[in-house]
Amino acid sequence: MNIYDSVLLATSIVITVYQCTEEGMIFEFLHKYKSKWYLKPLIGCPTCMGWWYGIAVALVNGFTLQAILCGFLTLALCEVYSCLLSISYKE
């Protein structure tokens, strides 16, 4: 698995986890914890999640120095997702 596959995998995991914890979704009970500062990198903020999930996926796949690049690229894709999400919620 190359770095681009890792970035896409990490970004899809971030989006899935974030969306599944929204109101009305299967893990809605976690929604009340999204405002806790220590849970933002796990479930609360796609941008915060992108960095940590990107590095984790890259390290699981055996990358070492490329894990940092994977983290940055995942962070960038999750930031684009966050921007698109905020645009779609505006009325």
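For the structure, check the block above.
Note that the coordinates shown come from a computational prediction; the quantities given were computed from them, not determined experimentally.

Calculation notes
- In this convention, every chain numbers its residues from 1, walking through the sequence in written order.
- pLDDT decides what is reported in this predicted model: residues at 70 or higher carry local features, side-chain atom pairs at 80 or more are listed and counted, and totals for whole chains, interfaces and linings draw on all residues regardless.
- For the side-chain quantities, the full set of heavy atoms in the structure was used; hydrogens and water were omitted.
- Under the DSSP-based scheme used, a helix requires at least four consecutive residues in state H or I and a strand at least two consecutive residues in state E, with every element numbered from the N terminus.
- The length a helix should cover is 1.5 Å for every residue beyond the first.
- Whether a residue is buried, partly exposed or exposed follows from its accessible area with a 1.4 Å probe, protein chains only, as a fraction of its type maximum: under 20%, in between, or over 50%, in that order.
- An arc is given here, and it is the one of the directions from the helix axis to the C-beta atoms.
- We call two N or O atoms a polar contact when they sit within 3.5 Å, provided that within protein one can donate a hydrogen and the other can accept it, with sequence-adjacent residues counted only if both atoms are side-chain atoms.
- Axis definition: a line fit to C-alpha positions, over the contact stretch in the case of helices; interaxial angles, taken between N-to-C directions, run 0 to 180 degrees.
- Small angles under 35 degrees read as roughly parallel and large ones over 145 as roughly antiparallel, with 65 to 115 read as roughly perpendicular and the rest as oblique.
- Crossings are sorted by hand: turned counterclockwise from the far helix by less than a right angle, the near helix makes the crossing left-handed, and turned clockwise it makes it right-handed.
- Residue contacts are defined here by distance: any two heavy atoms, one from each residue, within 4.5 Å place the two residues in contact.
- Note that Gly is not counted as nonpolar here; it falls among the polar residues with everything else outside the nonpolar set of Ala, Val, Leu, Ile, Met, Phe, Trp, Tyr, Cys and Pro and the charged set of Asp, Glu, Lys and Arg.

Visitor: Help me get a handle on helix α3 (residues 46-60), residues and values and all.
Guide: Since the α-helix advances by 3.6 residues per turn, residues separated by three or four positions end up pointing in the same direction. Given a rise of 1.5 Å per residue, 15 residues ought to cover 21 Å, and the 20 Å separating the end C-alpha atoms of α3 matches this to within 8%. Every buried residue of α3 is listed here: P46, T47, M49, G50, Y53, G54, I55, V57 and A58. Within two residues after α3, G62 carries a phi angle of roughly 95°, on the positive side.

Visitor: Describe helix α1 (residues 3-20), listing the residues and the values that go with them.
Guide: With 18 residues, α1 ought to run about 26 Å at 1.5 Å a step, and its terminal C-alpha atoms sit 26 Å apart, in line with that. Among the residues making up α1, those that are buried are I3, S6, V7, A10, T11, V14 and Y18. Angular distribution of buried residues about the axis of α1 spans 130°; they occupy a single face of the element. Backbone nitrogen of Y4 and a side-chain oxygen of the N-cap are separated by 3.2 Å at the start of α1; the cap is N2.

Visitor: Summarise the packing of α1 against α3; cite the residues concerned and give the values.
Guide: At a minimum axis separation of 9 Å, α1 and α3 run at an interaxial angle of 135°. In terms of orientation, α1 lies oblique with respect to α3. Judged by the twist between their axes, the crossing of α1 over α3 is right-handed. Packed against α1, whose contacting residues are S6, L9, A10, I13, V14, V17 and Y18, the element α3 presents P46, M49, G50, Y53, G54 and V57 at the interface. Taken together, the residues of the contact of α1 with α3 break down into ten nonpolar, three polar and no charged.

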